[in-house]
Amino acid sequence: MQSNAMNYRLLHISALLLILIAIAYYFHFLYQHSLNVPLGDDIYDVLKVMSGVVASQDLGAGFEILFEQHNDHRTLASRLMYSLVLLATGEIDFRTLTFVANMALPLLMLVLYVAIPESLPRLMVLLPAALTILQLRAYGITLWSMAAFAYFYVFLYGYASLHFLHRITLGRFFLACLFATLSTFTLASGQVIWVVGLLSLFHQSFIHRSSSKIFVLLWILVGASVLLVWRIGLQTPNTLWAMLEQFLLTPEHHVLYTLTLLGSALSEHMVSVAALAGAVMLISLIISSLHGYRKRDIRLELYCWFIVFSAAAMVLGRAPYSTVDYALSSRYSFPSVLMLATVWVMIAVRLQVTSWKLLVVMSALAAAYCINSYDRYSEALQPHVEKRVRNYNQGKYWAWYRPMKETKAIVTEAALLGIYNPPEKPLPEPIIFLPDVVQDEDADLEKK
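Note that residues are indexed from 1 along each chain, following the sequence as it is written. Two thresholds apply to this predicted model, a pLDDT of at least 70 for residue-level local features and 80 or more for giving and counting side-chain atom pairs, whereas whole-chain, interface and lining totals are computed over all residues. Hydrogens and water molecules were not included; the side-chain quantities draw on all heavy atoms of the structure.

Visitor: Any chance you could break down the overall build of the protein chain for me, citing the residues and the numbers?
Guide: To qualify as a helix, a DSSP run of H or I must reach at least 4 residues; to qualify as a strand, a run of E must reach at least 2; elements of each kind are numbered from the N terminus. Within the protein chain one finds 20 helices and zero strands. For the radius of gyration, the atom set is restricted to C-alpha positions; the globular benchmark scales as 2.2 Å times the number of residues to the power 0.38. Rg of the C-alpha trace for the protein chain: 23 Å, near the compact-globule value of 22 Å for 448 residues, within the 12% margin. The C-alpha extent of the protein chain, read off along each of the three principal axes, is 65 × 60 × 45 Å. Burial analysis of the protein chain (448 residues in total) assigns 50% to the buried set. Residue contacts are counted whenever heavy atoms from the two residues lie within 4.5 Å of one another. If you take every contact in the protein chain between residues at least 6 apart in sequence, the share linking residues at least 24 apart comes to 79%. For the area figures, the Shrake-Rupley method with a 1.4 Å probe applies, and any residue is considered shielded solely by the protein chains shown. Summing over all exposed atoms, the protein chain offers an accessible surface of approximately 21,300 Å²; the carbon and sulfur share of this is 67%. Within the protein chain, the 29 negative side-chain charges are centred at a point lying 11 Å from the centre of the 31 positive side-chain charges. Note on exposure labels: buried denotes an accessible area under 20% of the residue type's maximum, exposed denotes more than 50%, and partly exposed covers the range between, all computed with a 1.4 Å probe on protein chains only. In this tally Asp and Glu are treated as negative and Lys and Arg as positive; neither His nor the chain ends contributes. For charged residues, the charge sits on one atom: NZ in Lys, CZ in Arg, CG in Asp, CD in Glu.

Visitor: Please set out a nonpolar patch on the surface residue by residue, giving values where relevant.
Guide: Grouping into patches uses exposed residues only, defined as over 30% relative accessible area, and leaves out salt-bridged ones; the cut-off is 9 Å for like charges and 5 Å for nonpolar side chains (Val, Leu, Ile, Met, Phe, Trp, Tyr). Within this document, salt bridges are pairs made up of a side-chain nitrogen of Lys or Arg and a carboxyl oxygen of Asp or Glu, the two lying within 4 Å of each other. On the surface, I13, L16, L17, L18, L20 and I21 cluster together to form a nonpolar patch covering roughly 550 Å² of accessible area. Summarising the element assignment, I21 is placed in helix α1 (residues 2-33). Take I21: its relative accessible area is 54%, and that puts it in the exposed class.

Visitor: Explain empty space enclosed by the protein to me, using residue names and the numbers behind them.
Guide: Take a probe with the size of a water molecule and roll it over the atoms, and the empty space left behind shows itself. Here a cavity is any set of points on a 1 Å grid over the protein atoms alone where a 1.4 Å probe fits but cannot get out, and a pocket is any open set with protein on both sides within 12 Å along at least 5 of 7 lines; a residue lines the site when it has an atom within 4 Å of a point. Grid points are joined across faces, edges and corners, and a volume is the space filled by probe spheres set on the points. For the structure on display, the rule yields two cavities of 30 Å³ or more. Reported here for the largest cavity is a volume of approximately 50 Å³. For the largest cavity, the full set of lining residues is H166, S200, H203, Q204, R296, D297, I298, R299 and L302. With three residues, helix α11 (residues 193-207) is the single largest residue contributor to the lining of the largest cavity. A breakdown of the residues in the lining of the largest cavity according to their chemical character gives two nonpolar, four polar and three charged. In this structure, the second largest cavity encloses a volume near 40 Å³. Considering the residues around the second largest cavity, the lining is formed by Y26, L105, I133, Q135, R137, A138, T142, F152, F334 and V337. Each residue is assigned to one of three groups, with Ala, Val, Leu, Ile, Met, Phe, Trp, Tyr, Cys and Pro labelled nonpolar, Asp, Glu, Lys and Arg labelled charged, and all others, Gly among them, labelled polar. Split by residue class, the lining of the second largest cavity holds seven nonpolar, two polar and one charged.

Visitor: Requested: an account of the pattern of salt bridges, with residues and values cited.
Guide: Summed over all chains, the structure comprises five salt bridges. Between E118 and R122 there is a salt bridge, and its shortest N-O distance comes to 4.0 Å. Look at E118 and you get exposed, because its relative accessible area is 69%. The class for R122 is buried, based on a relative accessible area of 17%. Of the charged contacts in the structure, one is a salt bridge between D297 and R299, with a shortest N-O distance of 2.7 Å.

Visitor: Can you break down the layout of surface pockets residue by residue, with the values?
Guide: In this model, the second largest pocket occupies a volume close to 340 Å³. Looking at the second largest pocket, it is lined by 15 residues, and the ones nearest its centre are T132, L266, L340, W344 and M362. Classifying every residue of the lining of the second largest pocket by side-chain character gives 13 nonpolar, two polar and no charged.

Visitor: Quick rundown of helix α4 (residues 76-89)? Include the residues and the values.
Guide: Given a rise of 1.5 Å per residue, 14 residues ought to cover 20 Å, and the 20 Å separating the end C-alpha atoms of α4 matches this to within 8%. Those residues of α4 that fall on the buried side of the exposure criterion are L76, A77, S78, R79, M81, Y82, S83, V85 and L86. After α4 finishes, the residue G90 shows a positive phi value of roughly 85°. By definition here, a helix of n residues has an expected span of 1.5 Å times n minus one.

Visitor: I'd like a rundown of the packing of aromatic side chains, residues and numbers included.
Guide: Here is the rule: rings of Phe, Tyr and Trp (six-membered ring for Trp) pair when centre to centre is within 6.5 Å. Planes less than 30 degrees apart are stacked, more than 60 are edge-to-face, and the remainder are tilted. Across all of its chains, the model carries 26 aromatic pairs by this definition. Measuring from centroid to centroid gives 5.8 Å for F164 and F179, while their planes differ by 5°, and the two rings are stacked. Here the residue F164 occupies a position in helix α9 (residues 145-165), and F179 occupies one in helix α10 (residues 170-184), the gap between them amounting to 15 residues. Ring geometry for W400 and Y401: centres 4.9 Å apart, planes at 85°, overall edge-to-face. You'll find W400 and Y401 in the same group, each marked exposed. Linked through ring pairs, Y82, F149, Y153, Y157, F164 and F179 together constitute an aromatic cluster. Lysine and arginine charges are scored as sitting over a ring when NZ or CZ, respectively, is within 6 Å of the ring centre and within 35 degrees of the ring normal. Across the ring face of Y44, the terminal group of R402 is positioned such that the distance to the ring centre comes to 4.1 Å.

Visitor: Outline the confidence of the model for the protein chain, listing residues and values.
Guide: pLDDT gives the predictor's per-residue confidence on a scale running from 0 to 100. Looking at the protein chain, pLDDT values average 94 and 96% of them are 70 or higher. Across residues 437-448, where pLDDT falls below 50, the model places two contacts with residues more than four positions away in sequence or in other chains.

Visitor: Talk me through unusual backbone geometry; I want residue IDs and the actual numbers.
Guide: Along the chain, K425 connects to P426 via a cis peptide bond; the corresponding omega equals -5°. Its place among the elements puts P426 in the loop between α19 (404-416) and α20 (436-447). A positive phi angle, close to 55°, is found at Q352, a residue other than glycine. Mapping Q352 onto the fold places it in the loop between α17 (334-350) and α18 (356-393). Residue Q352 is classed as partly exposed on the basis of its relative accessible area, which comes to 41%. For Y401, which is not glycine, the phi torsion reads 55° and is therefore positive. Mapping Y401 onto the fold places it in the loop between α18 and α19.

Visitor: Which residues make up the environment of R172, and what are the values?
Guide: When you line up the elements, R172 lands in helix α10. Note on R172: relative accessible area 22%, which makes it partly exposed. Once the C-alpha coordinates of R172 and L162 are considered, the two residues, ten residues apart in sequence, prove to be 10.0 Å apart. Ignoring any residue separated from it by four or fewer positions in sequence, one finds R172 in contact with H163, F164, H166 and R167.

Rendered as structure tokens:
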């Protein structure tokens, strides 16, 4: 008995050390390769907005700028984070923003850890999820601060909202509404948190009968108010009814697109592999939801449903204008990565996995996946960062469908206002991935 207890203690310590090493390595990667150079929406959602806020005459005018829509989104929550960074540091440094945006990942892991019952080896269960999250499949947004804020924090806020809705009290209800509002004002897909939150309260009120039905009514009222405010002055052809009409015209396309997006963590090139993975995870979620709906704590299932509904919302906006393989893009892969991590924790909790051999095997598989991602996706990321540095050294600031003259003027204005201090030119050529041939040549030169 003492020997078994010692073995489990050593495994827990090892799991904690491996999680800390994974976090340290991930942020070391950010430290090495993040750039203080705006990219795409960084120019319009960060620099242009912050310049407008700094130059505004009063708080009301400044808030109006923060509230303005960005494409089909309201990014007020992210803009408040940019403002806090600006107040704290005195400038907008995109390296700093990249670090702050990626802090959402260990915080998501913390939320998952709290959802694991104390009766299980929590750190050993968390380890495969941590190794799944802390890797480079989502390389398209890893070093892109605005996009990282959007895709990472929309889920962090959503998970936090669902966490506080569990075992509801008045104080926890307030926090749940706050985080749901932040999720809504991070990405358009964050609006589905009000639907998933309603499921949580229905479960507590009508199935488990552990909370007052008043919370259901209050949640509907608060959610309706927030969603109404979200739509004030919104201008977009992608209305809910327009997107639903598109779905009814091509339902098979939308379903395949959704499954592919959900499973894209496992493949960047093969729709069949990604769609199959997405279908397996969705079926696992349905089975777990049906089998465990009478349990008191269904947070893990609700986290997964939040991802599924968010992915479906993303597909409604993307599917009419692109082929299914577009769902494999790295910038859209984070929901799948988080789904994979959360489904594993859900299965481990529902099956009460305590076998250290199984946990070690799953951790080894997740470690292999993580290590392979740094090799494979570093190579994919290299040309992206090269182009970013090359454009900057040439005085070009790229943003999709925006003229370079306009983007350069925005960056120049931010620099004149003292908000943004561009790094000295020329920036050195980035080295994220070196082909084996180059590495071999370098080794030969060192020997000589």
